[in-house]
Amino acid sequence: MKKIVTLFLITAIPLASGCKMLTGLTKVSTSIAVAAGALDPQHADSINKGTEAVTKTFEDITPAQEYYIGRSVSAMVIKEYKPLNNPGANEYLNVLGNALAKFSDKPQTFGGYHFLIMDTDEINAFAAPGGFILVSRGLIKCCENEDELAAVLAHEVGHIQHEHALQAIHKGRVTGALTVLAAESAKSFGGEELAELTNIFESSLNDIIGTMVNSGYSRKFETQADKSAVTIMRRAGYNPSALKTMLKLMEKNLEHTGQKGFGKTHPDPSVRIKDIDPLIRDCGPVARVPDREKRYKKALAGIL
Amino acid sequence: MSVFLLSLPTAILAKPENLYVQVKKGNVRSTPTYLGKLVGSASYGTLMTIEDNKGAWIKVSSADGKLQGWMHASLLTKKKIKLDASKNTELAASSGEMALATKGFNSDVEKAFKNKNPDVSFEWVDKMEAIKVTDKEIMKFLKEGDVKPKEGE
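In this text the structure is predicted, and so the values were computed from the model without any measurement.

Visitor: Please clarify how the overall build of chain B should be interpreted in this entry.
Guide: On a plain count of helices and strands, chain B comes out with five helices and seven strands. Start at the N end of chain B and walk to the C end: the helices and strands fall as α-β-β-β-β-β-β-β-α-α-α-α. Here chain B, with 153 residues, has 42% of them falling under the buried criterion. By sequence separation, contacts in chain B at least 24 residues apart represent 47% of the contacts at least 6 residues apart.

Visitor: Please explain empty space enclosed by the protein as it appears in this structure.
Guide: The gaps left among the atoms become clear once a water-sized probe is rolled over them. All names here are of chain A. Scanning all chains against the criterion turns up four cavities of 30 Å³ or more. The calculated volume of the largest cavity comes to roughly 60 Å³. Surrounding the largest cavity, A125, F126, A127, E156, H159, M212, G216, Y217, E222, T265 and H266 form its lining. Those elements that provide at least two residues to the lining of the largest cavity are β2 (125–128) and α7 (146–161). Here the element with the most residues in the lining of the largest cavity is β2; it accounts for three residues.

Visitor: Teacher, can you tell me more about the pairing of strand β6 (residues 68–72) of chain B here?
Guide: As a general feature of sheets, a regular strand has side chains that alternate between the two faces. Residue and element names in this part refer to chain B. Of all five residues that make up β6, four are buried, and the element is covered over most of its length. Alignment of strand β5 (residues 57–62) against β6, held across five bridges, turns out to be antiparallel. Among the inter-strand pairings, K59 is bridged to a residue of β6, identified as W70. Linking β5 to β6, which pair antiparallel, is a turn of five residues; within it G65 sits at a positive phi near 75°.

Visitor: Just to check I follow, could you spell out the packing of α7 of chain A against helix α14 (residues 290–299) of chain A for this structure?
Guide: When two helices pack together, their arrangement is given by the angle between the helix axes and the distance between those axes. All names here are of chain A. One way to put it is that α7 packs onto α14 with a least axis distance of 9 Å and a crossing angle of 70°. Overall, the two elements α7 and α14 adopt an arrangement that is roughly perpendicular. Judged by residue contacts, E146, D147 and L149 of α7 engage R292, R295 and Y296 from α14. Across the contact of α7 with α14, the residue classes tally to two nonpolar, no polar and four charged.

Visitor: Quick question: what am I supposed to make of the interface of chain B and chain A here?
Guide: Listed per partner, the contact involves 54 residues of chain B and 64 residues of chain A. Carbon and sulfur atoms supply 66% of the area that chain B and chain A bury against each other, a total of about 5,100 Å² over both sides. Where chain B meets chain A, there are six salt bridges. We note a salt bridge from K116 of chain B to E202 of chain A, for which the minimum N-O separation is 2.6 Å. Where chain B meets chain A, there are 22 residue pairs in polar contact (both at pLDDT 80 or more). Only β2 (25–29), α3 (107–116), α4 (123–130) and α5 (135–144) of chain B provide two or more residues apiece to the side of chain B that touches chain A. Sort the elements by how many residues they give to the side of chain B that touches chain A and α3 of chain B lands first, with eight residues. For the side of chain B that touches chain A, the residue count by class is 23 nonpolar, twelve polar and 19 charged.

Definitions and limits used
Residues numbered from 1 in each chain as written. Chains lettered and ligands numbered in written order. Predicted model: local features only at pLDDT ≥ 70, side-chain atom pairs only at ≥ 80, totals over all residues. Heavy atoms only, no water. Helix = DSSP H or I, 4+ residues; strand = E, 2+ residues; numbered from the N terminus. Buried < 20%, exposed > 50% of the residue type's maximum accessible area, 1.4 Å probe, protein only. Contact = heavy atoms within 4.5 Å. 1 Å grid on protein atoms, 1.4 Å probe; cavity = no way out; pocket = protein on both sides within 12 Å on 5 of 7 lines; lining within 4 Å. Points joined across faces, edges and corners; volume = space filled by probe spheres on them. Pairing = 2+ DSSP bridges. Axes fitted to C-alpha atoms, helices over the stretch in contact; angles between N-to-C directions. Parallel < 35°, antiparallel > 145°, perpendicular 65-115°, else oblique. Nonpolar A, V, L, I, M, F, W, Y, C, P; charged D, E, K, R; others polar. Buried area = accessible area lost by both parts, 1.4 Å probe. Salt bridge = Lys/Arg side-chain N within 4 Å of Asp/Glu carboxyl O. Polar contact = N/O pair within 3.5 Å; in protein donor to acceptor, adjacent residues only side chain to side chain.

Below you can see the structure in the form of structure tokens.
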């Protein structure tokens, strides 16, 4: 066993950078632990397997973990943006949103899709991991009908489907979480591991908030979400042209109000229109459906 | 005997492949479409056997054979899901919800985060989750609004 320890100590030295170093060092410590009798070889193996997975990215985060990240991210956003206490409007948003999510490439998340209106004039929306979608009153006001609101929600479902928020988590955090998880299998879930995991959790939340609320996603991600929105709307039976008309209205509103919210975190609406135009060429103008218009105005009476 | 010998290798080769349900309650439908009739749901961690697949849909059956139908592939994973029985009891007792003991970022971590950040309220997050929309309600909503789904008819 001593030989193994020495061998690992030697191999750990040239790997003194990033993830590789972590793998090397963990192997050293587990080998020492086995040698010292603190760990049986089976447990040591599980730790090493865990750390060997460090090069994997956000895909290692399971839907269940995504759900817990999403809950906390939402709570943090809600701390900054007051929710709109309007049960009728929120219920309408949830039925419409779920009707769209059902037709996405991720028809169900771990804990389901949930929608909430934020009581602010700011034009903004957030898709927290796991299906928690927050839409501002200001953004809803940009929509003239249900089809346009459907476009907004379908776009946010697109972000969830592609796990864009999770991709904001720095790769190193996932590495850290995996290391703690691997260690967890060696002993009971102790206070130390929980504290470390909680620190990684907090940092992950901050990574997401930093991107989602402050800097915004890349144009690539926004285009992906728009493309998914077009697909979702087609499948569900809404006219995807509504995404274009909504973006035009949003552009007008952003210019008019000089807002920084959505405009700060999203590409210019005209850029987005250019990207989706080839996808909706076959779609005619959005037809007016009296029953749809009626329920839209009724449900959102206090907002529009 | 000869029939047995001939069929044996086939039986070994045809070893069924299993998948785990990775959402709280995964919908199982009668057809491989978004509009397929709901025949039931499989809870988190349930082991399902693959019987067939079509596009993004996988035909599965539960171990007891009681549940059979099509699930969207995104609801299933090859990764083994192990539920912690002790935690299940504890969670079930405290929240009335089904047990969701998962490794990594889980309810323990959320609890620790809440203790560290008492100013971050989860009241509205819980309220969001309390709003449940059923498949039936969705279909009624689409019909009433004259929204005609084009997929899975």
